[in-house]
Amino acid sequence: MDPKALQIDDLPGPALFLNPDGSILRANTYAENLLGFEPEAMVGLEFQGLIEEEYREGWVDSLASISGPESRVKFDRVPCVTGDGRGLTLCIDAGATADGRVAALIREVTAEQRALADLETRERRLQVGLGHLTDLIQFVDVPNDHVRWHGDFDAFLGYADGTFPQTLSGWLDFIHPDDRDRIEAEYQAIVDSGSPTWEFRYRIRAGDGTYRHLLDRGAFVSFADGAGTQGIGGIIDETEQVVAREKLESALAEVSMLRDRLEAESEYLRSEIDSTSGFEDIVGRSDALRQALVQVESVAHTNATVLLLGETGTGKELLARAIHRRSARRDRALIKVDCGTLPAGLVESELFGHERGSFTGAHDRKIGRFELANGGTILLDEIGELPLDLQAKLLRAIEEGEIRRVGGKLDIPVDVRVIAATNRDLRAEVREERFRADLYYRLNVFPIMAPPLRDRREDILDLVSHFVAKNSAELGKEISRVAEPSLNAMVTYEWPGNVRELRNVIERAVILCPGDTLSVDPSQFAESGPTVASTAGSLKDDLHRVERAKILRALEESGWKIKGDGNAASRLGTAPSTLRARMRTLGITRPN
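Criteria and cut-off values
- Residues numbered from 1 in each chain as written.
- Predicted model: local features only at pLDDT ≥ 70, side-chain atom pairs only at ≥ 80, totals over all residues.
- Heavy atoms only, no water.
- Pairing = 2+ DSSP bridges.
- Helix = DSSP H or I, 4+ residues; strand = E, 2+ residues; numbered from the N terminus.
- Axes fitted to C-alpha atoms, helices over the stretch in contact; angles between N-to-C directions.
- 1 Å grid on protein atoms, 1.4 Å probe; cavity = no way out; pocket = protein on both sides within 12 Å on 5 of 7 lines; lining within 4 Å.
- Points joined across faces, edges and corners; volume = space filled by probe spheres on them.
- Nonpolar A, V, L, I, M, F, W, Y, C, P; charged D, E, K, R; others polar.
- Buried < 20%, exposed > 50% of the residue type's maximum accessible area, 1.4 Å probe, protein only.
- Salt bridge = Lys/Arg side-chain N within 4 Å of Asp/Glu carboxyl O.
- Core = buried A, V, L, I, M, F, W, Y, C linked by side-chain atoms within 4.5 Å.
- Contact = heavy atoms within 4.5 Å.
- Patch = residues over 30% accessible without salt bridge, like charges linked within 9 Å, V, L, I, M, F, W, Y side chains within 5 Å.
- Areas by Shrake-Rupley, 256 points an atom, 1.4 Å probe, with all protein chains shown as cover.
- Phe/Tyr/Trp six-rings, centres within 6.5 Å; stacked < 30°, edge-to-face > 60°.
- Lys NZ or Arg CZ within 6 Å of the ring centre and 35° of its normal.
- Polar contact = N/O pair within 3.5 Å; in protein donor to acceptor, adjacent residues only side chain to side chain.
- pLDDT = per-residue confidence, 0-100.

**A look at the sheet that holds strand β15 (residues 377-381)**
- Read across the open sheet, the 5 strands follow the order β12-β15-β18-β11-β19; overall the sheet is parallel. One side of each edge strand has no neighbouring strand; the edge strands of this open sheet are β12 (334-338) and β19 (446-449). Strand after strand, the sheet turns through a mean of 20° between neighbouring axes, direction not considered.
- Pairing analysis gives 4 bridges linking strand β11 (residues 306-309) to β19, with the strands arranged parallel. Residue pairing across strands places V306 opposite F446, the latter belonging to β19.

This is how it looks when you write it as structure tokens:
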């Protein structure tokens, strides 16, 4: 198989296909940009050549351990040098594909490593500061409810001189309300126990209305009946360190969230590598198909919710991908959820995720598909199969832009464009109370109908050519033509399974084809068999209609030129005299 045919270009993250020895078969654009190479420049290189020397042997051993379709390895935090000399730290998730190659998904963790190192450095500095720095010295007289400082405490907190009370009870009034009861209880416990030392952390209101974070610690130096009476201690302003720690913890939480999300994306994209093997382009120029594509172009650049309607096999997922690729969200993932195949007990977890321990078997936290699609698009296929209790939660997620994981306590904001698809009549489902009316109206903002193949028969010949060429290339066969009786049967067949059925029929026929001419056995069609015209005359009429449509399209594209550059005859692969004769037979004349 040509490596260029491997389907990784549509994946929204760095991905490679490798031979088992580590040589690169194919790299998508994200991988080329991340690793500093020009397009196609990575093909043939050994990936281990980018890994720092002391880690190469480990990578080669990991590759050698991939022995079957289910085999998979993770190679975490690998230092690499890019093609343009940059140093990166990568995590690599690799596994065998069905044809014996290796698919590798790459995630950069350089920033995460730096953030962890920065946090450790700041924590060490904080501990040194707490042990050796004191901003103010205080003297405490417990029996007389009096406090004084060695230093200007009013100025320290930004108050006018003499403003801040010099009593323990007055001190409490300035402590943050959320800390006050705790500090009062801790202070009383120390006094009651006769402890020789104290240490409190609290927030105190400054002169500008903000709160400062203080570390207050010291020791009693004299006692009466077991109760401390006089104490000396120090106050350290930890505000800068606390704020820095909170920022770092927030940054690390975000890094952790992004790591979880990227790992979830890696899992999703691994499953998509093989599942995106359908036809890549929407083939056909019939009026019915063009009408649907005009609607796609109209709605793609908006954030409007789209409802794709149509029979099974009509290409609703292709229309969804076309909408996503033409939208401002095209750099993020299109996440697909098949609501019809998910077990009823796992639908909520799959859509919204779950926290560890939220139910039996929830051993780890899981990122749901909505969270995974944040910033991108989610395709809810077979939306009519969604249980009623989940429909209410889906409506809330769409309207409020928030989800809550199973077992979670916090709402998580998400920015997701929703595309729903169904082959059901949702209005009838609403009348039968099997689908919520409010959700239906929320989804039905911009409905698009995917036309059935029987309404676009003029596209059948193009689709046949497309699938024959595609399957022939994949199977290494050279098929140059399709037998005319087979074409006739396919043009007149009703195709209840639509384009999907046609694709499968062609694939089977290509597999069985012994030579360069493809012949399709009508018994390969659905059990009902092809709907063959009742008379030879009607079959001829159908074929003439198809031929007329192809000739008219070629004439329109060539500006009705029959000879000369870009003429219609050359487009149709026939002589100008033959084309004129067919035009006379079919009654085709140039419009005025």
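Read on for the rest.
**Points about the layout of surface pockets**
- In this structure, the second largest pocket occupies an estimated 750 Å³ of space.
- Considering the residues around the second largest pocket, the lining is formed by 27 residues, among which L461, L487, E547, K550 and L572 are closest to the centre.
- Residue assignment for the lining of the second largest pocket shows that the elements contributing at least two residues are α15 (460-475), β20 (481-482), α16 (484-492), α18 (536-557), α19 (568-572) and α20 (576-586).
- Considering each element in turn, the lining of the second largest pocket owes the most residues, 9 residues, to α18.
- Across the lining of the second largest pocket, the residue classes break down as 11 nonpolar, 6 polar and 10 charged.

**Topic: the pairing of β15**
- β15 sits mainly inside the fold: 5 of its 5 residues count as buried.
- Burial along β15 is two-sided: T377, L379 and D381 and I378 and L380, pointing in opposite directions, are all buried.
- One ladder, built from 5 bridges, connects β12 with β15; its direction is parallel. Residue pairing for β15: K336 is matched across the bridge by L379.
- As paired elements, β15 and strand β18 (residues 417-422) share 4 bridges and run parallel to each other. Within β18, the residue paired with I378 across the bridge is V418.

**Looking at the pattern of salt bridges**
- Evaluated as defined, the whole model comprises 35 salt bridges.
- Here R396 ties to E402 by a salt bridge, and the two come within 3.7 Å at their closest N and O atoms.
- Using a relative accessible area of 28% as the deciding quantity, one classes R396 as partly exposed.
- The structure contains a network of salt bridges with shared partners spanning R396, E400, E402, R404 and D411.

**Observations regarding the pairing of strand β2 (residues 24-27)**
- Direction of pairing for strand β1 (residues 15-18) relative to β2: antiparallel, over a ladder of 3 bridges. In the strand pairing of β2, L18 is matched with I24.
- Two successive antiparallel strands, β1 and β2, enclose a turn made up of 5 residues, where G22 displays a positive phi of approximately 95°.

**Focus on unusual backbone geometry**
- For R77, which is not a glycine, the phi torsion comes out positive at approximately 50°.
- With respect to the helices and strands, R77 occurs in strand β3 (residues 72-81).
- Residue R77 is classed as partly exposed on the basis of its relative accessible area, which comes to 34%.
- Of note, W560 is a non-glycine position whose phi angle comes to about 65°, a positive value.

**Looking at the nonpolar core**
- In this structure, F370, L380 and I383 are the most contacted members of the largest nonpolar core, which totals 33 residues.
- Among the secondary structure elements, those contributing two or more residues to this core are β12, α10 (347-352), α11 (369-372), β15, α12 (388-400), β18, α13 (426-431) and α14 (437-443).
- The element that contributes the greatest number of residues to this core is α12, accounting for 5 residues.
- The contacts of I383, once residues within four sequence positions are left out, are C339, L394, A420, A421, T422, L426, F435 and L443.
- Grouped together as the second largest cluster of nonpolar side chains are 27 residues, A31, F37, M42 and A96 included.

**What about a nonpolar patch on the surface?**
- Among the surface-exposed residues, L475, I511 and L512 lie close enough to one another that they form a single nonpolar patch of about 300 Å² accessible area.
- Its location among the elements puts L512 in helix α17 (residues 498-512).

**What about the packing of aromatic side chains?**
- One pass over the full model with this rule turns up 10 aromatic pairs.
- Centre to centre, the rings of W59 and F75 are 5.9 Å apart; their planes meet at 50°, and the pair counts as tilted. Here F75 lies in strand β3 and W59 lies in helix α2 (residues 53-64), a separation of 16 residues in the sequence. The exposure classification of W59 matches that of F75, with both residues buried.
- Ring geometry for Y493 and W495: centres 4.5 Å apart, planes at 75°, overall edge-to-face. By the burial criterion, Y493 is buried, and W495 matches it.
- Within the aromatic cluster, the residues linked to one another by ring pairs are Y159, F164, W171, F174 and Y202.
- The lysine or arginine in question, R205, covers the ring of F174, its NZ or CZ lying 4.8 Å from the ring centre.

**A short note on the environment of L388**
- Structurally, the position occupied by L388 is in helix α12.
- Using a relative accessible area of 42% as the deciding quantity, one classes L388 as partly exposed.
- Apart from residues no more than four positions distant in its own chain, L388 is found in contact with E433, R434, F435 and R436.

**Regarding the side chain of R457**
- Here R457 shows up in the loop between β19 and α15.
- Its relative accessible area of 15% is what places R457 among the buried residues.
- Separated by 2.6 Å, the side chain of R457 and the backbone oxygen of V491 make a polar contact.
- Here the side chain of R457 touches Y493 through a polar contact of 3.0 Å, landing on its backbone oxygen.
- Residues contacting R457, with those up to four places away along its chain left out, are V491, T492, Y493, E494 and R545.

**Comments concerning the confidence of the model for the protein**
- Residues with a pLDDT of 70 or more make up 85% of the protein, whose mean pLDDT is 81.
- Looking across the protein, the model is least confident in helix α3 (residues 110-132), with a mean pLDDT of 59, and most confident in β11, with 96.

**Section: the sheet that holds β3**
- If you trace the 5 strands from one edge of the open sheet to the other, you get β2-β1-β5-β4-β3, paired in antiparallel fashion. Unpaired on one side and paired on the other, β2 and β3 mark the two borders of the sheet. On average, adjacent strands in this sheet sit at an angle of 25° to one another, irrespective of strand direction.
- Where strand β4 (residues 87-96) meets strand β5 (residues 102-108), 7 bridges bridge the pair, whose relative direction is antiparallel. Within β5, the position partnered with I92 by the bridge is I106.
- Along the sheet, α2 makes contact with β1, β3, β4 and β5, crossing β3 at roughly 155°.

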